[in-house]
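Fold and geometry: a report
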Amino acid sequence: MHEGIVGATGGKVASWLELSAGALATNVATLRALSTETGGPRALGAVLKGNAYGHGLAQVLPLVHPLVDVLYFITPGDALTVRTLERARGLPSRQVLVIGAMDAEEAVALAHEGIEAVLGDGSWRDIVTELRRAKPARPLRVHVHVDTGLGREGFTPGQISHGELDFLRDATDVLQVVGVLSHFANTEDVTEQQYAESQLDVFEAGLSALRASVPVQEPLQRHMAASAATLVLPRARYDAQRVGISLYGLWPSVETRLSARLVLGRVPELKPVLSWRCPSQIVKWLPAGSYIGYGCTYRCADATRVAVLPVGYFDGYPRLLSGKAHVLVNGRRCPVLGRVMMNHIIVDVTHATRDERPLTATLLGQEGDEHLHAEALATWAQTIHYELVTRLGAHLRRVVVP
Ligand SMILES: *Cc1c(COP(=O)(O)O)cnc(C)c1O
């Protein structure tokens with residue numbers, strides 16, 4: 001999808017991302033089993049925003065399409081690629097929902113394609129006007145967002161009771177309310193879920209207010225759980241779950257893992273889908289006393305065999321990893337020496353290889369007995385793994401492996 005963007009394509013000697021189709025399928029099965037264990041069946045949906053959490057939408061979409069019931073996107077443009085794929089491959093049409101912002105023109109395009117939208121603010125009055133003018137063949141199916149305490153999109157139960165959605169009463173020719181959703185503010189960072197419980201109460205009040213004031217199509221699809229709530233808050237499972245980070249085999253947080261142990265009595269296994277590998281550009285000896293990288297922040301105490309790797313902060317390898325991270329070569333940890341540069345890092349391979357032949361390093365993922373976790377890299381870079389993976393360069397080559 002990103003081919004042909006002048007100036008952003010990678011060279012031949014460049015790092016690449018490996019996506020494990022098997023790990024992805026295992027994670028879907030694990031999450032589906034969890035989501036249905038307290039009653040069901042429920043719909044399981046994949047969140048593909050942020051270029052599929054940096055994994056690559058073009059590669060991930062064909063893999064998850066047959067496995068899940070719903071596909072969630074931030075942008076209408078990304079959502080429309082689902083219908084393109086379905087037509088090209090003769091696939092059945094999936095439920096697709098845009099959870100992000102859109103303008104009137106985009107709303108019309110979604111209605112034409114049978115893609116659903118989230119109604120979460122007052123701008124929808126203008127969108128109704130535009131839909132009437134454009135007269136799509138079928139009404140746009142919308143999910144009303146209830147703001148239950150995140151302070152982002154949505155209407156509070158009070159706003160719904162006081163008539164802020166009353167314009168929907170006269171808009172049934174162009175808008176059909178088919179769902180209601182909300183989003184948690186504080187499920188990942190805690191092991192006790194009082195705030196989430198209070199959000200659930202507000203959600204149910206919002207649901208009643210909506211049914212009392214606006215014509216809706218029953219049964220409304222109710223959905224609130226992202227990964228953390230799907231894993232540790234059974235009450236939040238409702239009719240559909242929107243799983244993002246866990247689909248890619250990453251736990252939302254350490255606290256969520258701990259909560260799973262408490263709530264479920266076990267920790268379900270999630271398998272990381274992504275590995276990031278890089279061929280060497282140069283392998284060579286530097287004599288004792290040599291400086292390495294910008295700022296001369298590292299000096300070799302002894303003669304050191306180094307590998308120069310053609311990857312840097314442009315590709316999404318954070319500069320904050322300077323002097324902190326390691327990569328894996330032949331299953332051995334090799335420290336990053338000196339600063340991360342725009343297009344290069346230099347690593348110590350003295351003990352990982354016997355000569356100066358080209359090698360391949362693993363920047364993230366499994367190699368031998370060692371696994372370099374996205375969480376570890378994120379912690380070293382003073383961020384979270386959500387940010388680390390979504391910032392992986394869109395230009396990187398992505399390869400699906402079994
Ligand atoms: C990002 C997002 C999700 C998925 O969150 P994860 O923690 O990655 O599972 C679900 N719902 C909404 C509204 C989101 O913005």
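Residues numbered from 1 in each chain as written. Predicted model: local features only at pLDDT ≥ 70, side-chain atom pairs only at ≥ 80, totals over all residues. Heavy atoms only, no water.

- As recorded in an unreviewed UniProt entry, the protein chain goes by Alanine racemase and comes from Melittangium boletus DSM 14713.
- You can read under Catalytic activity (unreviewed entry) in the UniProt record for the protein chain the words "L-alanine = D-alanine". (UniProt positions renumbered as here; feature names shortened; annotations may be inferred.)

1. Notes on the sheet that holds strand E3 (residues 70-73)
- Judged by pairing direction, the barrel is parallel, and its eight strands sit side by side in the order E2-E3-E4-E5-E6-E7-E8-E9 before closing back on the first. Going across the sheet, the axis of each strand differs from the next one's by a mean of 30°, ignoring polarity.
- Note that strand E4 (residues 95-98) and strand E5 (residues 116-119) share two bridges and pair parallel. Residue Leu97 lies in a different strand from E5, and its bridge partner there is Glu116. (Pairing = 2+ DSSP bridges. Helix = DSSP H or I, 4+ residues; strand = E, 2+ residues; numbered from the N terminus. Axes fitted to C-alpha atoms, helices over the stretch in contact; angles between N-to-C directions.)

2. Here's the deal with the domain arrangement of the protein chain
- Domain annotation for the protein chain reports domain 1 (21-264) and domain 2 (274-400).
- Domain 1 and domain 2 are separated by 37 Å when their C-alpha centres are compared.
- Contact residues are listed per partner, giving 14 residues for domain 1 and 11 residues for domain 2.
- Each partner contributes to the roughly 1,100 Å² buried at the junction of domain 1 and domain 2, and carbon and sulfur atoms together form 63% of this total. (Domains from an automatic or database assignment. Contact = heavy atoms within 4.5 Å. Buried area = accessible area lost by both parts, 1.4 Å probe.)

3. Considering the site of the ligand
- What surrounds the ligand is a group of 14 residues, the closest being Lys49, Tyr53, Ser227, Ile245 and Tyr386.
- Interatomic distance of 2.8 Å between a backbone N/O atom of Gly244 and an oxygen atom of the ligand.
- Between the ligand and the protein, one listed contact pairs an oxygen atom with a backbone N or O atom of Ile245 at 2.8 Å.
- In the complex, the protein chains occlude 94% of the 390 Å² of accessible area that the ligand would expose alone.
- Breaking the shell around the ligand down by element, the ones donating at least two residues are helix H2 (49-53) and strand E9 (240-243).
- In terms of residue class, the shell around the ligand is built from seven nonpolar, three polar and four charged. (Near = heavy atom within 4 Å. Polar contact = N/O pair within 3.5 Å; in protein donor to acceptor, adjacent residues only side chain to side chain. Areas by Shrake-Rupley, 256 points an atom, 1.4 Å probe, with all protein chains shown as cover. Nonpolar A, V, L, I, M, F, W, Y, C, P; charged D, E, K, R; others polar.)

4. What about the pairing of strand E8 (residues 221-225)?
- Taken across its five residues, E8 has four buried, putting it largely inside the fold.
- Pairing geometry for E8 and E9, over two bridges, is parallel. Bridge assignment links Ala225 to a residue of E9, and that residue is Gln241.
- Regarding the hand of the β-α-β motif, the stretch spanning E8, helix H9 (residues 227-232) and E9 is right-handed. (Buried < 20%, exposed > 50% of the residue type's maximum accessible area, 1.4 Å probe, protein only. Right-handed = clockwise from strand over helix to strand, strands pointing away.)

5. Considering the UniProt feature "active site" (unreviewed entry) in the protein chain
- UniProt annotation of "active site" (unreviewed entry) refers to Lys49 and Tyr294 when read in the numbering used here. Taken together, the annotated residues stretch across 246 residues and extend over separate regions, lying up to 35.3 Å apart by C-alpha.
- Assignment of secondary structure puts Lys49 in helix H2.
- Discounting residues that sit within four places of it in the chain, Lys49 has contacts with Tyr72 and Ile74.
- Within the secondary structure, Tyr294 sits in the loop between strand E12 (291-292) and strand E13 (298-299).
- If we skip the residues at most four places from it in the chain, Tyr294 touches Arg339 and Met341.

6. What about the UniProt feature "domain: Alanine racemase C-terminal" (unreviewed entry) in the protein chain?
- The feature "domain: Alanine racemase C-terminal" (unreviewed entry), as given by UniProt, occupies residues 273-401 in the numbering adopted here.
- With 10% helix and 38% strand, residues 273-401 has end C-alpha atoms that lie 10 Å from one another.

7. Here we look at the nonpolar core
- If you look at the biggest cluster of nonpolar residues, it comprises 120 residues, and the most contacted ones within it are Leu48, Leu309, Tyr317 and Val327.
- The greatest single-element share of this core, amounting to six residues, is contributed by helix H8 (residues 194-213).
- Both domains that meet at this core, namely domain 1 (21-264) and domain 2 (274-400), each give it at least three residues.
- Non-local contacts of Leu309, meaning those with residues more than four positions away in its chain, are made with Cys278, Pro279, Ser280, Val327, Asn343, His344, Ile345, Val347, Leu359, Ala361 and Leu363.
- Ile292, Val306, Val308 and Leu337 belong to the second largest nonpolar core, which has eight residues in total. (Core = buried A, V, L, I, M, F, W, Y, C linked by side-chain atoms within 4.5 Å.)

8. Quick look at the sheet that holds strand E14 (residues 304-309)
- Across the sheet, which stays open at both edges, the three strands sit in the order E11-E14-E17 with antiparallel pairing between neighbours. Either end of the sheet is taken by a strand with one partner, and the two such strands are strand E11 (282-286) and strand E17 (345-348). Each strand axis lies, on average, 30° off the axis of its neighbour in the sheet, ignoring direction.
- Where E11 lies against E14, five bridges are found, and the strand directions are antiparallel. Note on E14: the bridge partner recorded for Leu286 is Thr304.

9. Focus: the packing of helix H3 (residues 57-64) against helix H4 (residues 76-89)
- Two numbers describe how H3 lies on H4: the axes approach to 11 Å, and their chain directions differ by 60°. As far as their axial angle goes, H4 and H3 are oblique. Where H3 crosses over H4, the handedness of that crossing is right-handed. For the pair formed by H3 and H4, the contact residues are Leu57, Leu61 and Pro62 on the first element and Asp78, Thr81, Val82, Leu85 and Arg89 on the second.
- Grouping the amino acids of the contact of H3 with H4 by side-chain chemistry returns five nonpolar, one polar and two charged. (Parallel < 35°, antiparallel > 145°, perpendicular 65-115°, else oblique. Left-handed = near helix turned anticlockwise from the far one by under 90°.)

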